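Here is how the chains run, residue by residue.
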Amino acid sequence: MSQSSHGGLCPSEWVPSAGARSMRRGTPAVPRIRAWAAVIGAWTCAAGQPLAALDSPDRVRYDGEMVVRVTIRDSRDLFLVNQVSPDCWSHSPGPADGMGWGTLDYRVGAAGLEAIRASGMAHEILIPDLQAVIDAEAMRLSGGVAGRGWFEDYKTAEQVRAFLEQLAAARPEIARLETVGHSLENREIYALRLSGPLSPGVGLRPIVLINSVQHAREWITVMATSYLAEQLVTLYGTDARTTGILDRYEVVIIPVVNPDGYAFTWTTNRFWRKNRRPNAGGTFGVDNNRNWGFAWGLSNGSSGNGSSETYRGTAAFSEPENAAMRDWTLANPGVVMHLDVHSYGQYILYPWGYSALPTPGVGALQRLAVGMRDAILDSGGVPYLAGPCYQTLYPISGGSLDWYYGARSVLSWTPELRGPGFNPPPEAILPTAREWHEAVMWLAENFCAADVDRSGFLDTDDYDRFVTAFEEGDPAADYDRSGFVDTDDFDAFARAFMEGC
Ligand SMILES: [Zn+2]
């Protein structure tokens, strides 16, 4: 299909190809995948649409601004850079306990740079002209990427939804799109649910939940989770690893959990981070990743000031996006693992965000984080630093990783993908997406549900704990996620325990 035959149709208006429609009737696996390839092929022309408002006078400009990486020596340096910069791109600054002050990235103008120079702080200019970066990106996206693959440039939430719709239409036996909830401005938060067909008598599968772009400007995260969706859908039935994972788990991918903020970065302000809540005093936005209801409200790791990039909101779960994710999670108690994907900095963070104390179960969190890091390196990816959020990066209170782990006992990690900055060139999309596909594959294959106490290894403590829960009929002993505790759970646990997972 050519660009001209497609005209200016939005992707959501695009009609599935005959191949995609026929797949709903259940054709054999190989023709299905061929037809799916036709779907993707058709997409490359849909991506050439002109994007609204790229030249709008309402767009926020960053003329004369740059991003500088500074080496902070002490609290005086930190005070100074926070005086001269409105926006720390390393999110909220340290200190990271016991790790020194380290380097932080700040958006500054010429006067800010001069002040940093005068202070004697070591610094380097990471991105010399932010407006030029925005202009080049906007020009590229409005010019279209006809004839190129879907992953060769960034996509709007509508484009991503249409892409997932096509994936679900291509393989309805394993993929289903559903609505999680709606944002403050009533945009849909959608999810793609992926799992192999259930055999009769098999209960629900444990769920691996993956979401991206809580912070609106972190565009590359949307592409990484969309790529994961595409790989799992495409490879199920032909690739043994993928088939094994989707026959063992349900993988749920929610690419855009902050749709209002994300839309705003496309239309108005490329570096918007929060949602679009109008706050008291005329400021906008709550940081969704400070609004979760676990350790919410601490001033170390969030802000009570509406103008802050880390504003936590007026109450835990005050924001509809957070409430929607919470309610979906409560309605899906099978979630055992969670990734909240961010950028940038090349980290794999795990709880706690709010405290320097080690989590109970830190052994499993650490073992699996290090395993993902190594899987990325082994696949030819870049180095990531794995560690607890508070010490490795900075304190976060009201973050999703702490809520999933602390309130739901779900193993939760926050990857920070590649940068630098929030506009990695489009050539960075596929390498970043591929290394995270590898990481998630490794994670799913190496999670051990029988490590009941989350120590990172199997021992008699796990056995004792499971047996106690089983004898008490505790839902924690519903090992096979059938919704009730019975001898199948005992058998499944015992088998995993004997086999060492
Ligand atoms: Zn983020």
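Please read these numbers as outputs of a predicted model, since none were measured by experiment.

Visitor: What is the right way to read the coordination of the zinc ion from this model?
Guide: Four donors placed tetrahedrally around a metal ideally meet at 109.5 degrees, and six donors placed octahedrally ideally meet at 90 or 180 degrees. Ligation of the zinc ion by protein atoms is provided by His-215 (ND1), Glu-218 (OE), Glu-218 (OE) and His-342 (ND1), these donors lying 2.1 to 2.6 Å from the ion. In this structure, the zinc ion is coordinated by four donor atoms arranged in irregular fashion, with angles at the metal of 54 to 138 degrees. Counting gaps between the donor residues of the zinc ion yields the pattern H-x2-E-x123-H. With a gap of 127 residues between them, His-215 in the loop between β7 (207-212) and α8 (219-235) and His-342 in strand β9 (residues 335-343) connect regions that are remote in the sequence.

Visitor: In this structure, what is going on with the packing of helix α7 (residues 157-170) against α8? I would like to understand it.
Guide: Axis angle and axis distance: for two packed helices, these are the angle between their axes and the distance between the axes, and together they describe the pair. Remark: α7 packs on α8, axes separated minimally by 10 Å, with the N-to-C direction vectors making an angle of 10 degrees. The orientation of α7 with respect to α8, classified from their angle, is roughly parallel. Residue-level contacts link Val-160, Phe-163, Leu-164 and Leu-167 of α7 to Val-222, Ser-226, Ala-229, Glu-230 and Val-233 of α8. Looking at the contact of α7 with α8 residue by residue, the class counts come to seven nonpolar, one polar and one charged.

Visitor: I tried to follow the pairing of strand β1 (residues 66-71) on my own but got confused; where do I start?
Guide: Moving residue by residue along a regular strand, the side chains alternate between the two faces of the sheet. In this sheet, strand β3 (residues 103-108) lies alongside β1 in antiparallel orientation, the contact comprising six bridges. Within the sheet, the bridge partner assigned to Met-66 lies in β3 and is Val-108. Of the strand pairs in this sheet, β1 and strand β4 (residues 123-127) are connected by four bridges, and their pairing is antiparallel. Bridge pairing in β4 places Val-68 opposite Ile-125.

Visitor: Where do I start with the state of the cysteines in this structure?
Guide: With the rule as written, the count across this model stands at one disulfide. What pairs with Cys-448 in a disulfide is Cys-501, and their sulfur atoms sit 1.7 Å apart. Across the S-S bond linking Cys-448 and Cys-501, the dihedral sits near 65 degrees, which makes this disulfide right-handed. Placement of the pair is Cys-448 in the loop between α15 (429-446) and α16 (460-471) and Cys-501 in the segment after α17 (487-498), with a sequence separation of 53 residues. A relative accessible area of 10% means that Cys-448 is categorised as buried.

Visitor: Quick question: what am I supposed to make of the side chain of Ser-412 here?
Guide: Tracing the sequence through the fold places Ser-412 in strand β12 (residues 411-417). A relative accessible area of 0% means that Ser-412 is categorised as buried. Those residues in contact with Ser-412 that lie beyond four places of it in its chain are His-338, Leu-349, Tyr-350, Pro-351, Leu-365, Ser-400, Leu-401, Tyr-404 and Tyr-405.

Visitor: Where do I start with the pattern of salt bridges in this structure?
Guide: Oppositely charged side chains are able to pair whenever their charged atoms sit close together. All told, the structure shown has 25 salt bridges when counted by the stated rule. Note that Glu-319 is salt-bridged to Arg-277, the shortest N-O span being 3.0 Å. Remark: Arg-277 occurs in the loop between α10 (259-267) and α11 (320-331) and Glu-319 occurs in the loop between α10 and α11; sequence separation between them is 42 residues. Residue classification places Arg-277 among the partly exposed residues on the basis of a relative accessible area of 23%. One connected set of salt bridges, linked through shared partners, spans Glu-65, Asp-87, Arg-107 and Arg-217.

Visitor: Help me out: how do you make sense of the nonpolar core in this one?
Guide: If you look at soluble globular proteins, the nonpolar side chains tend to sit buried side by side. Counting 69 residues, the largest nonpolar core has Leu-192, Met-337, Ile-348, Leu-411 and Trp-413 as the members making the most contacts within it. With ten residues, the single largest contributor to this core is α8. Apart from residues lying up to four places away in sequence, Met-337 is in contact with Ile-207, Val-208, Leu-209, Tyr-249, Val-410, Leu-411, Trp-413, Leu-443, Ala-444 and Phe-447.

Visitor: Please explain the confidence of the model for the protein chain as it appears in this structure.
Guide: Atomic detail in the predicted coordinates should be set aside for any region of low pLDDT. Confidence along the protein chain averages 87 in pLDDT terms, with 85% of residues attaining 70 or more. Contacts from residues 1-50, a stretch scored under 50 in pLDDT, to residues over four places away or in other chains number 78 contacts. A low-confidence stretch, residues 92-99 stays under pLDDT 50, and its non-local contacts, those more than four residues away or across chains, total 19 contacts.

Visitor: Is there a simple way to explain the pairing of strand β6 (residues 188-194) in this structure?
Guide: By the criterion of burial, β6 is predominantly enclosed, with seven of the seven residues buried. Here β6 shows no split at all, with Glu-188, Tyr-190, Leu-192 and Leu-194 on one side and Ile-189, Ala-191 and Arg-193 on the other all buried. Where strand β5 (residues 175-182) and β6 come together, seven bridges link them in antiparallel fashion. Looking across to β6, one finds that Thr-179 is bridged to Tyr-190. A loop of five residues connects β5 with β6, the two strands running antiparallel in sequence, and Asn-186 in this loop sits at a positive phi of about 65 degrees. As paired elements, β6 and strand β8 (residues 250-254) share three bridges and run antiparallel to each other. Note that in β8 the partner of Leu-192 across the bridge is Ile-253.

Visitor: Help me understand helix α6 (residues 130-143) in this model?
Guide: One turn of an α-helix holds 3.6 residues; hence residues three or four places apart share an orientation. The terminal C-alpha atoms of α6 lie 20 Å apart, and with 14 residues this matches the ideal 20 Å at 1.5 Å per residue to within 8%. Of the surrounding secondary structure, the elements contacted by the buried residues of α6 are β1, β3, β4, α8 and α10. The N-terminus of α6 is capped by Asp-129, whose side-chain oxygen sits 3.3 Å from the backbone nitrogen of Gln-131.

Visitor: Can you help me understand the sheet that holds β4 in this one?
Guide: Sheets are built from strands paired through backbone hydrogen bonds, the pairs being either parallel or antiparallel. Within the open sheet, the four strands sit side by side as β2-β3-β1-β4. Their pairing is antiparallel. Strands with a single pairing partner mark the edges of an open sheet, and in this sheet they are β2 (87-88) and β4. With respect to the sheet, helix α4 (residues 75-84) is in contact with β1 and β3, its orientation differing from that of β3 by roughly 25 degrees.

Scoring rules and cut-offs
- Residues numbered from 1 in each chain as written.
- Predicted model: local features only at pLDDT ≥ 70, side-chain atom pairs only at ≥ 80, totals over all residues.
- Heavy atoms only, no water.
- Donors = N, O, S within 2.8 Å, 3.2 Å for Na, K, Ca; no water.
- Tetrahedral: all angles 85-135°; square planar, octahedral: opposite > 155°, others 65-115°.
- Helix = DSSP H or I, 4+ residues; strand = E, 2+ residues; numbered from the N terminus.
- Axes fitted to C-alpha atoms, helices over the stretch in contact; angles between N-to-C directions.
- Parallel < 35°, antiparallel > 145°, perpendicular 65-115°, else oblique.
- Contact = heavy atoms within 4.5 Å.
- Nonpolar A, V, L, I, M, F, W, Y, C, P; charged D, E, K, R; others polar.
- Pairing = 2+ DSSP bridges.
- Disulfide = S-S within 2.5 Å.
- Buried < 20%, exposed > 50% of the residue type's maximum accessible area, 1.4 Å probe, protein only.
- Salt bridge = Lys/Arg side-chain N within 4 Å of Asp/Glu carboxyl O.
- Core = buried A, V, L, I, M, F, W, Y, C linked by side-chain atoms within 4.5 Å.
- pLDDT = per-residue confidence, 0-100.
- Expected span 1.5 Å × (residues − 1).
- Polar contact = N/O pair within 3.5 Å; in protein donor to acceptor, adjacent residues only side chain to side chain.

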